[in-house]
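Fold and contact review
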Amino acid sequence: MLLRYRFRLYPTMPQRVSLARAFGSARVVFNDAVAARKHAHAEGLPYPTMAVLSKQLITEAKRTPGRSWLGEVSAVVLQQALSDCDRAWKNFFASVKGERAGTRVGPPRFKRRNGTQSIRFTRNARFAVLGNGRLRLPKIGEVKVAWSRALPSEPSSVAVIKCPTGKYYASFVVAVDEGADFLEPLGDPEAETGIDLGLKDFAVLRGGRVIESPRFFRRLERRLGKAQRVLARKAQGSVNRAKARLRVAKIHEKIRDTRSDWVDKQVKAIVRENQAVYVEDLNVKGLSRGRAAKSVHDAAFGMFLARLESKAARSGRTFVKIDRFFPSTRLCSVCGVLAGPSGLEGLKVRSWACGCGAVHDRDVNAEVNTRREGSRIVAGGHPDTRNASGGDVRPGTPGRLRNPREGKNEEPARGGAVSTVPKPGVSVL
Ligand SMILES: [Zn+2]
C-alpha cells in the first residue's frame, strides 16, 4: 500500500524564490488546462487529451513571450500539474455518471494564489534524498528537511507544499508492505470490537466503551467561525484582510494537526487491543448534520476510518467494513427483530425498548450488531472481503503527516463493498 510521509522543509531565501516560480508555473499550467477544457466544452469540440494539452500548454507555450518563463521550471512539475487537472476532470465525469463512490465532486476550479500551493516531482524528475539528509529538487536546489523519522523505503514521488501560513512541507509517497508494522496476534477470541461512530460520542466500542468527542473539536470550530466572520468583514485587497486570512489559515492548520494527532492515538490503541475491528461504512456526511462542531467532527470520522483500515492492514489485523445499509441500529441484539428507531426522528433516540423485553442503549446495541455481522462475514469467507487496496494513497501514519491537499481534489475511492484484511495464516478469499 502507498503511504504519505510528511516532513517540514526549511528552504533558503533563494530556494523560496525558485519554489515560488515553480508553484506559480504549475498553477498557470493547471489553470490553462481547466480553461482549455471549459472552452472545448463550450464550443462543442472534443475533449482535448493530455497529449494535446501537454504540447499546447507546455511545449508550445514556452516559445511564446507570455509564457517563456515556463522553461525555468522542471518539466515534470508542469506535467504533473496537467495530470492533476486530468484526474480532477475524470473524477468529475465519474461522479456525474455515478461511477464514483463518495460525495459528488464538481469540475476542477481555477487555483488561486492565496491557497495552499503544491508541486510534485516523480522519479523521472530525479529528485533525491542525499546522504547529508537534504532533499535535492531539480531547478530548486538542496533543501533542508526536518526528518522526524526514517522513510521505510525509496519514495516514488514527493510533493512540495506551501501552506497559507508560510510553512513548507515535503510529502513523500512510499510503498509500504501490508504487515509492515506487524503486531503479534492476540490469542484472546474476545479481542475484537465493533465500532459505532456516533452523534453523542465519537465512537462506542465493545462493552459500551466510549471514545468521547474531544472538547477541542467544539472549541476550534468556534474559533474558526469567529475568524471567518472577521475575515468576511475586511475590505478586498486590504492589509487587514491579508492578516485576517492568515489568522484563518493558522486555525485551519491547528485543527488539522490536533485532529490528526488525536485520531492517530485512538487508532493505535484500537489496533493494539483488538485482533479484529468491524465498522459500519457510514455516510460520514449525513451523520453529524446539524451539530455544532460539524466540520471538525465530520472530517475526523473520515480520517479515523481511513487510518484505521490502513493501520490494521499494516499490523496484520482484520478490518471489515459493513455495508451502510445493514440495520445495525434497528436490529435488536437480543432477539434479532427489526424494532429499533429509524428515519430522521430515530437519530435522536438514545435508548429504546424491544418487544422482547430488552432495553437498549442505541450505540451499545449497534456495536454488538456490527461486531456480530463482521465476524459472520469473516467466518463465511465472503468473496468480496479481500481488501481492494489499489493505487490509492491513504492518509497514513503518524500525526501531522496528512497531505493538506488530500480530500480537496481527490480522495481515496471507497466502494460500498465490504473489505477486510485477512488474519495472518487465514485466507479470506
Ligand atoms: Zn428484542
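Just above sits the structure.
This report concerns the structure included in the present document.

**Thoughts on the coordination of the zinc ion**
Listed as protein donors to the zinc ion are Cys-332 (SG), Cys-335 (SG), Cys-354 (SG) and Cys-356 (SG); their distances from the metal cover 2.2 to 2.4 Å. Geometry at the zinc ion is tetrahedral, judged from its four donor atoms and the angles of 108 to 111 degrees they form at the metal. Here Cys-354 falls in the buried class, since its relative accessible area comes to 9%. The partly exposed category is assigned to Cys-356, whose relative accessible area is 41%.

**Section: the packing of aromatic side chains**
Enumeration over the complete set of coordinates arrives at 13 aromatic pairs. Relative to Phe-93, the ring of Phe-92 has its centre 5.6 Å away and its plane inclined at 45 degrees; by these criteria the two rings are tilted. Every member of this aromatic cluster is reached through a ring pair, and the members are Phe-202, Phe-216, Phe-217, Trp-262, Phe-301 and Phe-304. The cationic tip of Lys-144 hangs over the ring face of Tyr-10; the distance from NZ or CZ to the ring centre is 5.8 Å.

**Observations concerning a positive patch on the surface**
Among the surface-exposed residues, Arg-218, Arg-219, Arg-222, Arg-223, Lys-226, Arg-229, Arg-233, Arg-247, Lys-250 and Lys-254 lie close enough to one another that they form a single positively charged patch. Residue assignment for the positive patch shows that the elements contributing at least two residues are helix H4 (215-233) and helix H5 (239-273). The dominant element in the positive patch, judged by the number of residues it contributes, is H4, at seven residues. Take Lys-226: it is sitting in helix H4.

**Things to note about the packing of H4 against H5**
The relative placement of two packed helices comes down to the angle between their axes together with the axis-to-axis distance. Contact pair H4 / H5: the axes reach a minimum separation of 9 Å and the direction vectors enclose 165 degrees. When the axes of H4 and H5 are compared, the pair comes out roughly antiparallel. Here H4 runs over H5; the crossing is left-handed. Contact with H4, carried on its side by Phe-216, Phe-217, Leu-220, Arg-223, Leu-224, Ala-227, Gln-228, Val-230 and Leu-231, involves Arg-241, Ala-244, Arg-245, Arg-247, Val-248, Ile-251, His-252, Lys-254, Ile-255, Thr-258, Arg-259 and Trp-262 of H5 and no other residues of that element. Here the contact of H4 with H5 is built from residues that sort into 12 nonpolar, three polar and six charged.

**Details of the pairing of strand S8 (residues 192-197)**
The buried count for S8 comes to six of six residues, which makes it a mostly enclosed element. A two-sided burial pattern is seen for S8, the buried positions comprising Glu-192, Gly-194 and Asp-196 on one face and Thr-193, Ile-195 and Leu-197 on the other. Where S8 and strand S9 (residues 203-205) come together, two bridges link them in antiparallel fashion. Each bridged residue has a counterpart across the sheet, and for Asp-196 the counterpart in S9 is Val-204.

Here is what the cut-offs are and how they apply
What you see as residue numbers is a count from 1 along each chain, following the sequence as written. Where totals are concerned, whole chains, interfaces and linings use all residues; where local detail is concerned, this predicted model gives features only for residues with pLDDT of at least 70, and gives and counts side-chain atom pairs only at 80 or more. Side-chain measures were taken over the full set of non-hydrogen atoms in the model, leaving aside hydrogen atoms and water. Each metal's donors comprise the N, O and S atoms found within 2.8 Å of it (within 3.2 Å for Na, K or Ca). Water is not part of the atom list, so some coordination spheres may appear incomplete. For a four-donor site, all angles between 85 and 135 degrees give tetrahedral; for four or six donors, opposite pairs above 155 degrees with the remaining angles between 65 and 115 give square planar or octahedral; all remaining cases count as irregular. Exposure classes here rest on a 1.4 Å probe applied to the protein chains alone. A residue is buried below 20% of its type maximum, exposed above 50%, and partly exposed in between. Aromatic pairs are defined between Phe, Tyr and Trp rings, using the six-membered ring for Trp, whenever the two ring centres lie within 6.5 Å; interplanar angles under 30 degrees are classed as stacked, those over 60 as edge-to-face, and all others as tilted. Criterion for a charge above a ring: Arg CZ or Lys NZ at most 6 Å from the ring centre, at most 35 degrees from the ring normal. Patch rule: a residue counts if its relative accessible area is over 30% and it has no salt bridge; like charges are joined within 9 Å, and nonpolar side chains (Val, Leu, Ile, Met, Phe, Trp, Tyr) within 5 Å. A 1.4 Å probe and the Shrake-Rupley method give the accessible areas. Residues count as covered only by the protein chains that appear here. By salt bridge we mean one thing: a side-chain nitrogen of Lys or Arg within 4 Å of a carboxyl oxygen of Asp or Glu. When charges are counted, Lys and Arg are positive and Asp and Glu negative, with His and the chain ends excluded. Taken as the charge location is NZ of Lys, CZ of Arg, CG of Asp or CD of Glu. Put simply, DSSP H or I for four residues or longer makes a helix, DSSP E for two residues or longer makes a strand, and each gets a number counted from the N terminus. For every element, the axis is a line fit to its C-alpha atoms; helices are fit only across the contacting stretch, and the angle between N-to-C directions ranges from 0 to 180 degrees. Every angle not falling under 35 degrees, over 145, or within 65 to 115 is termed oblique; those three ranges are roughly parallel, roughly antiparallel and roughly perpendicular. Two helices crossing with the near one rotated counterclockwise from the far one by less than a right angle form a left-handed crossing, whereas a clockwise rotation gives a right-handed crossing. Contacts are assigned to residue pairs with any non-hydrogen atoms lying within 4.5 Å of each other. Note on residue categories: nonpolar means Ala, Val, Leu, Ile, Met, Phe, Trp, Tyr, Cys or Pro, charged means Asp, Glu, Lys or Arg, and polar means any other residue, Gly included. Following DSSP output, two strands are said to pair if at least two bridges run between them.

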